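# Descriptive analysis of the structure
Here's the letter readout for the chains.
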Amino acid sequence: MNVLDKRARRHRGDDRGDAEMDDQALVEEVLRESSDGESSEVDVILNKFRIEQDEIRRLKQVDEYLLEVHGQVPNKKEDEVCRLIYENANSLNSRITGNDKLDKARQMIHELEPDIVAFNEHRLNLRHKDNKNGFKQMFNGGELDLRALAAHNIHENIGRTQEGGTALLAYGKLLEYYDAEGSGKDDTGLGRWTYMRFDGKDGVATVVVCGYNPCYNNKKESNTFYQQNRRYFINNQRDTCCPRVKFRTDLEKTLTRWRNEGARLIVCLDANEDIYKKGIGKMLTESNGLDMVEAVGDFTSRPLGATFFRGSKPIDAVWATKDVAVVGACMMPVGYGIGDHRLFVVDFMLSTMVGDAPTRVVRPKARRLNTNVEGCAERYNKVLEESIRKHRLMEKMKKAHETKSKRKAAKLLNKLDMQSKELMAQAEKKCRRLKSGLIPFSPEAVVWIKRCQVYRSILRWHSGKVRNRGNLKRAARRCGILNPLQIPVTGIIARLEVCKEKCNYFRRHGHKYRRKHLYNRLDVARDKQDETAEKQILAIIQREKERSFWRRLNFALRKQSKGRAVGPVQSEDERGRVIDHTSQAAAEEAIWNEVHRKRYHLAEQAPICQGNLRGEFGYCPPPRIAESILDGSYEFDDDIDPATRELLEEIALIRQKIPKNSASWLINRKKWQQVWKKKNEATSSSESGLHFGHYKAGAESDLISQFHAMKLSLALRRGVGLDRWSRGLSVMLEKKFGVRLVSKLRAILLMEADFNAGNKVVYGERMLDNARKYKLMPEEIFSEKNRMADDGALAKTLFYDVVRQLRVPAAIASVDASNCYDRVAHAMASLIFQSFGVADTAVT
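Treat the numbers as computed from the prediction; the structure is a model and nothing was measured.

Moving on, we come to the pairing of strand S15 (residues 578-581). Direction of pairing for strand S14 (residues 569-572) relative to S15: antiparallel, over a ladder of four bridges. Each residue of the ladder has a partner; that of Gln570, found in S15, is Asp580. From the end of S14 to the start of S15, which pair antiparallel, there are five residues, and Gly576 there has a positive phi angle of about 85°.

Written out as structure tokens, the structure reads:
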């Protein structure tokens, strides 16, 4: 299998860089071309490769078809594609370190970038005490989030290794649609199949199934998967039916039920029988039944051949219903994957699996744009500045400014905003590459990585693929390789093998070298008295320490808190009884009823939102009514609510002191930069994906800051609310730990970052500055410099002491109005803002 592995690796894509190119194929090509002019030593090596290939065909009886790709070699995955890979793993070990097979599987996943990974016959007893690591721990790595489901026979505890077993892994963007409640395992507990459900828009849902049909075995006392199934059905169901027949009938019932519910299906199976001539394949593809298609054969218009490395018939396959579009499919050669079966790679159109659902806000493990990463913000700003100039966004802004029609200005601003959003997302995508972190960076590791690259380049030069000898010699000289073009091919091959062994060593033990490197750089920075570098290095050390600590803690506690499905909530009925809502749909409906239909309509109880006042003021007062209130000329009806009348009269008095439009809507570049440079980048916001990092990084660029400030100022001046600002994300937080009554949850609305920043400048700073300037608010309610919260607590204690000694009646009340923010009537708020000098266009 080692030779098969080397042979299969030639099919890795050429676009994956020098580090992933096919060393074995390159060596063969170089040896073949140089065999005429070099010593007999080359002939010996070349003959060795030929002997290995002969041994494969003679001893293993491997057909040439098994060493070829059935279909087209998978290219880099497109954005709108969901990639699935499936293979019979032929046993896995749950050990994390020193596990070459697991390392190869993780490397394969890193290269192919799949969204779904299906394995069967993993042969792990996941309940055994020695199997401490589950599939999530085994395959968790890099910066993509992961969900894992694995199954095995739970009715027998044979040992650490147990025949059978299935597993599914889901990565990255597909997790936005993952339905934890709709996913699961075979109901019998035999681990015959595992399934994941992905729900999209308008009821579009897809179920992905990975199954393993037991292979026939007549030894009743054996621990084969067939006999495990047979014992279970006899002992628990008094059924002597063949386990293979039970597998087919049970799977058909389950798939038919899902299909009748409207779900689309993708099924990955090791059928252990001919998929075209036997029962399972016919059951799946029958036109009057499930009417599925075998994905690879249908896409390539060529039936599958042998899928097992000693077999002659196709026994593995991936099937899909016809409403799931296949845009790429192939079967890799034996040895490419980790088992003795062939690996399947199938690309599906994501929109046919989950519909055109809007992007849900899911907290990723890492953002590409991170100002703490050196050079990241600079690259982002460079790309975005070029895009702003190329697409003439400033000129388009000027056109919107000069437009007299408000409706046309709103249309132009929204179009400009959507274009700038796309350009910002593109700049973020190019600002840095998310790395898998397979080898932690250190000077010791870099030496061997670069030497691997140089030796591969030398081999490419020998095969005529590298033209520039000067660059190659300079790269070799930087790595300490003298006279690189004079090294014999056999010497290069030997050196390359040593370099790869060193890289594997640093992949396993590189963290200690990483820590040593960071502390060495810290000492150098301190010796040079470079405070900036010292702070940056200390920040890196602290960040990596915290990450390592929490990863180890979460691993030890088996914490699964990240990205969980909606947890259960509770509500009260009319009689005060508590009702539990455990499903996602029920929880969302309960939250909607309590928060959006009830809590957010509390302002309607205000007198200004009822009766004649409602008809006159509406949701937002018309300009004529607002002006009459502000100048004190409004004529009140006799039956108006006294408190409302007093508020409106006070608004007129405030306007007499504060000039109209004194709280300017204009936000200039310097103010924008001042606001964003001190923001916390980790703050959650923006359903659109334009998080705080975009604006914090952009604050370092005058052009980008000017663009953002002008767009916001123009929207405030023309009274235009951007379409993007009208969407927000409601987050429900527990006020008290463990209390999940919807009425006791705190509702927080996450708005767009730039919209929120503009609100804080106009209403949080300039309006309050007017209140301070015209002495409309007492000084004692403001915090003072060089004061702490302890000072307030001390003052309260001293107050109690003085009152007690003087025997004077007194009291202190800490008052918090119930749902006070939800009770603010918009008509009243608009008038108050205008009275404090805010322009009417900014509040209407």
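Attention now goes to helix H18 (residues 584-596). When the terminal C-alpha atoms of H18 are compared, their 17 Å separation across 13 residues agrees well with the 18 Å that a helix rising 1.5 Å per residue should span. Buried within H18 are the following residues: Ala587, Ala590, Ile591, Glu594, Val595 and His596. The inward-facing, buried residues of H18 abut S14, S15, strand S16 (729-734) and strand S17 (745-750).

Strand order in this open sheet of seven strands is S1-S12-S13-S2-S3-S5-S4, and the pairing throughout is mixed. Here the strands that pair on one side only, and so sit at the sheet edges, are strand S1 (70-71) and strand S4 (146-151). Here strand S12 (residues 326-331) runs beside strand S13 (residues 344-349); their pairing, made up of five bridges, is antiparallel. Across the sheet, the residue bridging to Gly328 is Asp347, located in S13. Strands in contact with helix H4 (residues 100-112) are strand S2 (81-88), strand S3 (116-120), strand S5 (166-171) and S13; relative to S2, the strand with the most contacts, it is inclined by about 155°.

Okay, helix H14 (residues 443-462) next. Over its 20 residues, H14 extends 29 Å from the first C-alpha to the last, a length consistent with the 28 Å expected when each residue adds 1.5 Å. Taken residue by residue, H14 has Ala445, Val446, Trp448, Cys452, Val454, Tyr455, Arg456, Ser457, Ile458 and Leu459 as its buried positions. Once H14 finishes, Gly464 follows within two positions and takes phi at roughly 85°, a positive value.

Once that is clear, we can look at the pattern of salt bridges. Between side chains of opposite charge, a pair can form as their charged atoms come close. In total, this model carries 33 salt bridges according to the counting rule given. Arg192 serves as the salt-bridge partner of Asp250, at 3.0 Å between the closest nitrogen and oxygen. One end of the pair, Asp250, is in helix H7 (residues 243-260); the other, Arg192, is in the loop between strand S6 (178-185) and strand S7 (193-199), with 58 residues separating them in the sequence. A single burial state applies to Asp250 and to Arg192, both of which are buried. For Arg772, the salt bridge goes to Asp769, with nearest N and O atoms at 3.1 Å. You can see Arg772 and its partner Asp769 sitting in helix H25 (residues 753-773), three residues apart, about one turn around the helix. By relative accessible area, Arg772 is classed as partly exposed at 35%. Of the residues examined, Asp769 reaches a relative accessible area of 40% and is grouped as partly exposed. Where salt bridges share partners, they join Asp417, Lys711, Arg724, Glu752 and Asp754 into one cluster.

A surface patch of positive charge is lined by Arg392, Lys396, Lys399, Lys408, Lys411 and Lys415. The set of elements that each furnish at least two residues to the positive patch consists of helix H12 (393-402) and helix H13 (406-431). The greatest single-element share of the positive patch, amounting to three residues, is contributed by H13. Along the chain, the position of Lys415 falls in helix H13. Lys415 gets classed as exposed once you look at its relative accessible area, which sits at 63%.

Okay, the packing of H13 against helix H24 (residues 702-718) next. Interhelical geometry of H13 versus H24 gives an angle of 155° and a closest axis separation of 11 Å. What the angle tells us is that H13 and H24 run roughly antiparallel. The chirality of how H13 crosses H24 is left-handed. For the pair H13 and H24, contact is made by Lys406, Ala409, Leu413, Leu416, Asp417, Ser420 and Met424 and by Phe707, His708, Lys711, Leu714, Ala715 and Arg718, respectively. A breakdown of the residues in the contact of H13 with H24 according to their chemical character gives seven nonpolar, two polar and four charged.

What follows deals with the packing of H14 against helix H15 (residues 469-478). Between H14 and H15, whose axes approach to 10 Å, the crossing angle comes to 150°. In this view, H14 runs roughly antiparallel relative to H15, as classed from their interaxial angle. Taken as a pair, H14 and H15 cross one another with a handedness that is left-handed. On H15, the residues that touch Val454, Ser457, Ile458 and Trp461 of H14 are Arg469, Leu472, Ala475 and Ala476. Classifying every residue of the contact of H14 with H15 gives six nonpolar, one polar and one charged.

Turning to the side chain of Arg197, a few remarks are in order. Take Arg197: it is sitting in strand S7. What makes Arg197 buried here is its relative accessible area of 17%. Within the structure, Arg197 has its side chain in polar contact with the side chain of Asp199 (distance 3.0 Å). The residues contacting Arg197, other than those within four sequence positions of it, are Tyr177, Tyr178, Asp179, Gly182, Ser183, Ala205, Thr206, Val207 and Ala263.

When you line up the elements, Thr249 lands in helix H7. Sequence separation between Thr249 and Gly279 is 30 residues, and the spatial gap between their C-alpha atoms is 9.9 Å.

Reading the values: the criteria
Residues numbered from 1 in each chain as written. Predicted model: local features only at pLDDT ≥ 70, side-chain atom pairs only at ≥ 80, totals over all residues. Heavy atoms only, no water. Pairing = 2+ DSSP bridges. Helix = DSSP H or I, 4+ residues; strand = E, 2+ residues; numbered from the N terminus. Expected span 1.5 Å × (residues − 1). Buried < 20%, exposed > 50% of the residue type's maximum accessible area, 1.4 Å probe, protein only. Contact = heavy atoms within 4.5 Å. Axes fitted to C-alpha atoms, helices over the stretch in contact; angles between N-to-C directions. Salt bridge = Lys/Arg side-chain N within 4 Å of Asp/Glu carboxyl O. Patch = residues over 30% accessible without salt bridge, like charges linked within 9 Å, V, L, I, M, F, W, Y side chains within 5 Å. Areas by Shrake-Rupley, 256 points an atom, 1.4 Å probe, with all protein chains shown as cover. Lys, Arg positive; Asp, Glu negative; His and termini not counted. Charge placed at Lys NZ, Arg CZ, Asp CG, Glu CD. Parallel < 35°, antiparallel > 145°, perpendicular 65-115°, else oblique. Left-handed = near helix turned anticlockwise from the far one by under 90°. Nonpolar A, V, L, I, M, F, W, Y, C, P; charged D, E, K, R; others polar. Polar contact = N/O pair within 3.5 Å; in protein donor to acceptor, adjacent residues only side chain to side chain.

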